[in-house]
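# Inside the fold
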Amino acid sequence: MAELQEVQITEEKPLLPGQTPEAAKEAELAARILLDQGQTHSVETPYGSVTFTVYGTPKPKRPAILTYHDVGLNYKSCFQPLFQFGDMQEIIQNFVRVHVDAPGMEEGAPVFPLGYQYPSLDQLADMIPCILQYLNFSTIIGVGVGAGAYVLSRYALNHPDTVEGLVLINIDPNAKGWMDWAAHKLTGLTSSVSEMILGHLFSQEELSRNSELIQKYRNIITHAPNLENIELYWNSYNNRRDLNFERGGDITLKCPVMLVVGDQAPHEDAVVTLPLTSSLHLLLTVLPQPGKLTEAFKYFLQGMGYMASSCMTRLSRSRTASLTSAASIDGNRSRSRTLSQSSESGTLSSGPPGHTMEVSC
């Protein structure tokens, strides 16, 4: 039998001719840094230009996570504390992210000229198909806060086949009534735009404590170089139409929905009475804290069939103490807070249509 000989094979055609291994590593590192920093794009729509930032690369057979921020914020000030949280890294490694900035809200945005007609919230929703077409993305999981939650809900009503799930934080789906409109006008006579927006973002109890967080956002909004643009977005939000959700009717969100509302948040009543008939309806009645919100988001994704092997910790440890108690937010409504027994295996049971799961952490 012939003796085996060691043969060294060298690559004849490198991927990049003339590139040294050191240069290849530097190029790979630069590409990773670019992905970590995000790639910002702008696209023209029938209602003006919209800017968005993409992080990561598309994953096969997985939707993109698309976020939309609230009034007075941009995607960084609204979502960075959540997506930079340690436990969130497992999620962002599994999904490409698209962070949308409402027109004129992106960093360095010029002030719109006097008389500029800012898009309505319905028109902001109609910009999203242009973004997805530009990126060649077919489906999304939307994450929206306040006005952004309304925009994503409107988009999901108009394009249900492209939305696999929604995370709606502090959403108010109702148009302002006459009393609300009058109160808003009176408040505008005595309060600045920045103070009115703070009253939208935080509860009166939080504002009265005047914590460092409140002072931080008051400073951000008051001294924003695009404050005139922010006021236009604020006006569009206050002129929103009613989403007209109907339990069991034709006007409802067809996808799984995770509702998140801060305890004593300004829109708490509007959130907990939403007549949705989604297959999974998770209500988190706590102040949005990154750790707890991340854990709930993981459960939500598992209920949709993604990240089945994800390790759960925070909610699982506190399930007995915090998630199986009966409680009442006020004297007029009593709600049981339970977590499906399937959470022990790391998944949430969707239950029958219209089933509501409420989690208190």
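Keep in mind the model is a prediction, meaning the values are calculated, not measured.

What counts, and where the lines are drawn
- Residues numbered from 1 in each chain as written.
- Predicted model: local features only at pLDDT ≥ 70, side-chain atom pairs only at ≥ 80, totals over all residues.
- Heavy atoms only, no water.
- Helix = DSSP H or I, 4+ residues; strand = E, 2+ residues; numbered from the N terminus.
- Buried < 20%, exposed > 50% of the residue type's maximum accessible area, 1.4 Å probe, protein only.
- Contact = heavy atoms within 4.5 Å.
- Phe/Tyr/Trp six-rings, centres within 6.5 Å; stacked < 30°, edge-to-face > 60°.
- Lys NZ or Arg CZ within 6 Å of the ring centre and 35° of its normal.

## Some thoughts on the environment of Val 145
Assignment of secondary structure puts Val 145 in strand β5 (residues 140-145). Here Val 145 falls in the buried class, since its relative accessible area comes to 13%. Separated by 22 residues in the primary sequence, Val 145 and Val 167 have C-alpha atoms spaced 8.5 Å apart. Look past the residues within four positions of Val 145 in its chain and what remains in contact with it is Tyr 68, His 69, Asp 70, Cys 78, Phe 79 and Ile 169.

## A look at the packing of aromatic side chains
Scanning all chains against the criterion turns up 10 aromatic pairs. Seen from their ring centres, Phe 95 and Tyr 306 are 5.6 Å apart, and the 85° between their planes marks the pair as edge-to-face. Linking Phe 95 in the loop between α3 (89-92) and β4 (97-101) with Tyr 306 in the loop between α12 (290-303) and α13 (314-317), this pair joins segments that are 211 residues apart in sequence. On the numbers, 6.4 Å between centres and 75° between planes, the contact of Tyr 116 with Tyr 118 is edge-to-face. What makes Tyr 116 partly exposed here is its relative accessible area of 27%. Taking the relative accessible area as the measure of exposure, Tyr 118 reaches 4% and is therefore buried. Among the aromatic side chains, those forming a connected cluster through ring pairs are Phe 112, Tyr 116, Tyr 118 and Tyr 233. One Lys or Arg, Arg 62, reaches over the ring of Phe 95 and ends 5.3 Å from the middle of that ring. Geometry around Tyr 237 places Arg 240 over its ring, the cationic atom sitting 4.2 Å from the centre.

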